[in-house]
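One letter stands for each residue in the lines below.
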Amino acid sequence: MTIFNEQHAMFRQAVRSFVEKEVAPHIEEWEEAGQIPKSLWPRMGQLGFLGVEYDETYGGGGADFLTTVVLNEELARSRCASLAMAVGVHTDMASPHLYWAGSEALKEKYLPAICRGEALSAIAVTEAGGGSDVAAIKTRAVADGDHYVINGSKMFITNGVLADLYFVAARLGPGAQGRRHQGISMFLVERSTPGFSVSRKLDKMGNRASDTAELAFQDMRVPGENLLGQEGKGFYEVMRVFQRERLVAGIQTVAGCERALEDTIAYVQQRQAFGEPLSRKQVVRHKIADMATLLEAARRLTYAACLKFQSREDAVKEISMVKLFCGDIAQKIAYDCVQLHGGYGYMREYPVERFFRDVRLLTIGGGTSEIMKEIIAKQMAL
Ligand SMILES: Cc1cc2nc3c(=O)[nH]c(=O)nc-3n(C[C@H](O)[C@H](O)[C@H](O)COP(=O)(O)OP(=O)(O)OC[C@H]3O[C@@H](n4cnc5c(N)ncnc54)[C@H](O)[C@@H]3O)c2cc1C
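Residues numbered from 1 in each chain as written. Predicted model: local features only at pLDDT ≥ 70, side-chain atom pairs only at ≥ 80, totals over all residues. Heavy atoms only, no water.

(A) Region of the structure containing the nonpolar core. In this structure, Met-44, Leu-83 and Phe-187 are the most contacted members of the largest nonpolar core, which totals 48 residues. Residues from two domains meet in this core; each of domain 1 (6-116) and domain 2 (121-231) gives at least three. Discounting residues that sit within four places of it in the chain, Leu-83 has contacts with Val-23, Ile-36, Leu-40, Met-44 and Leu-75. One finds Val-69, Val-268, Tyr-303 and Ala-334 within the second-largest nonpolar core, a separate group that totals 37 residues. (Core = buried A, V, L, I, M, F, W, Y, C linked by side-chain atoms within 4.5 Å. Buried < 20%, exposed > 50% of the residue type's maximum accessible area, 1.4 Å probe, protein only. Domains from an automatic or database assignment. Contact = heavy atoms within 4.5 Å.)

(B) Inspection of the site of the ligand at higher detail. Contacts to the ligand come from 17 residues, most closely from Thr-126, Gly-131, Ser-132, Thr-368 and Glu-370. Here a nitrogen atom of the ligand sits 2.8 Å away from a polar atom, N or O, in the main chain of Ile-123. A total of 970 Å² of accessible area belongs to the ligand in isolation, and the protein chains cover 65% of it. Among the secondary structure elements, those contributing two or more residues to the shell around the ligand are strand E3 (147-158) and helix H12 (369-379). Here the shell around the ligand takes three residues from E3, the largest share from any one element. Each of domain 2 (121-231) and domain 3 (236-379) contributes no fewer than three residues to the shell around the ligand. (Near = heavy atom within 4 Å. Polar contact = N/O pair within 3.5 Å; in protein donor to acceptor, adjacent residues only side chain to side chain. Areas by Shrake-Rupley, 256 points an atom, 1.4 Å probe, with all protein chains shown as cover. Helix = DSSP H or I, 4+ residues; strand = E, 2+ residues; numbered from the N terminus.)

(C) Main features of a nonpolar patch on the surface. A cluster of nonpolar side chains, namely Tyr-344, Tyr-346 and Met-347, defines an oily patch on the protein surface of about 360 Å² accessible area. Looking at where Tyr-346 falls in the secondary structure, it is placed in the loop between helix H10 (316-341) and helix H11 (351-358). (Patch = residues over 30% accessible without salt bridge, like charges linked within 9 Å, V, L, I, M, F, W, Y side chains within 5 Å. Salt bridge = Lys/Arg side-chain N within 4 Å of Asp/Glu carboxyl O.)

(D) Layout of the packing of aromatic side chains. Counting across every chain of the model gives twelve aromatic pairs. Geometrically, the ring pair formed by Phe-18 and Phe-49 is edge-to-face, given 5.4 Å between the ring centres and 75 degrees between the ring planes. Of this pair, Phe-18 sits in helix H1 (residues 6-23) while Phe-49 sits in the loop between helix H3 (40-46) and helix H4 (65-77), and the two are 31 residues apart along the sequence. Taken as a pair, Phe-18 and Phe-49 share a single burial class, namely buried. The interplanar angle of 40 degrees and the centroid separation of 4.6 Å between the aromatic rings of Tyr-166 and Phe-196 together place this pair among those described as tilted. In this pair, Tyr-166 is assigned in strand E4 (residues 165-171) and Phe-196 in strand E6 (residues 196-201), connecting sequence segments 30 residues apart. Ring pairing ties together the aromatic residues Phe-11, Phe-18 and Phe-49, which thus form one cluster. (Phe/Tyr/Trp six-rings, centres within 6.5 Å; stacked < 30°, edge-to-face > 60°.)

(E) Region of the structure containing the pattern of salt bridges. With the rule as written, the count across this model stands at 25 salt bridges. A salt bridge links Asp-263 to Arg-79; its shortest N-O distance comes to 2.8 Å. Here Arg-79 lies in the loop between H4 and helix H5 (81-94) and Asp-263 lies in helix H8 (residues 234-270), a separation of 184 residues in the sequence. Using a relative accessible area of 21% as the deciding quantity, one classes Asp-263 as partly exposed. For Arg-244, the salt bridge goes to Asp-92, with nearest N and O atoms at 2.8 Å. Pair noted here: Arg-244 is in helix H8 and Asp-92 is in helix H5, with a separation of 152 residues, a long-range link. Taken together, the salt bridges that share partners define one network made up of Arg-12, Arg-16, Glu-73 and Glu-74.

(F) Local environment of unusual backbone geometry. Unusually for a residue other than glycine, Phe-156 sits at a positive phi of about 65 degrees. On the basis of relative accessibility, which here comes to 55%, the residue Phe-156 falls in the exposed class.

(G) Fine view of the pairing of E3. Examined bridge by bridge, strand E2 (residues 140-144) and E3 share five bridges and lie antiparallel to one another. The residue bridging Arg-140 from the neighbouring strand is Asn-151, located in E3. Where E2 folds back onto E3 in an antiparallel hairpin, the turn is made up of two residues, including Gly-145, whose phi is positive at roughly 60 degrees. Pairing analysis gives nine bridges linking E3 to strand E7 (residues 212-223), with the strands arranged antiparallel. Looking at the pairing, Thr-158 lines up with Thr-212 of E7. (Pairing = 2+ DSSP bridges.)

Scope: geometric values only; no functional claims are made or implied.
So, in structure tokens, the structure goes:
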């Protein structure tokens, strides 16, 4: 099944070449350092990878959503899930808040730097008290003259340590009875804003080269014009951008699993046991066949949702299914890929070991599997 044209194929080649030359040789080093060098961002900007869909007037590529699909597939195939996640957050989860809801003046001011990779962005919604219940956020914004004063904190923020721009969800009011979500607004916050601080860099199981932070805001004065969209409409913006985020997560999951399966097939074809390659054993062949079948199903579900999303139809149910299904099958695929590598699968020198740790995030980040099931059931009017 293919949904791509010749232009997409050319773009894929450009991303693949970048990954082979400028990513693959450095993955271990970045994982060890716990971050991706900041210098990689202007390089990706130069290559036109950051803001592929944004209008050319802001320095974007003016391309379609399928170009974003290609970018995310190739980054996820790199065996560096950390990079795929960091880029996905910058281009598909954080900066869309500016592109979709920001004023013209804000877009002119910040989007070119975002596309050039000179301003790295992060999305700050989750708080220590709970991430699934977005409407429960406690970070507070109070209007004060031509500024908002924000107090509170955020947890698990990807790119949080290194970012220059933060898209922050804060509560402006309580919201009407039973409508807590109506009190939430989105703000664009520059890192240099007095009162902003990175309280700590978090130590994670996987995706170790992607930096994750806890943030603190203490009497942080944000200019009034940095409100994104209308006061009290932030929750809807978060939910809107979540659709893109979850679809991109599914795309990355399928591509990352495909790469791990390819690595595993290569391994069982050369590994000898009982006088023949492992790939000759029926149980091994069946495991591979099961994984390939799950992946084919995941790819078709994901591409169908991509086409619906690209044509701007309501795809909430399909995207939630993509996130749920891909996240779940990735756990099974990671388990079996490690199993087929035997002892080597447990060793750091084999990429499948990192893959196993990285995929654990996929049923948690960007909305858990349980929350996806809640959304699907709601969409089914249950
Ligand atoms: C590595 C990493 C990167 C992240 N990056 C970002 C980021 O850049 N920006 C950002 O804002 N957030 C980010 N997050 C946060 C992420 O989106 C949340 O962790 C996620 O939404 C879950 O929230 P929580 O961790 O508070 O879990 P909780 O909401 O406390 O949930 C705990 C458990 O309870 C279950 N649960 C909760 N409610 C229900 C329910 N109604 N029914 C059934 N089960 C339920 C959940 O499914 C989960 O299993 C990141 C998280 C991680 C781990």
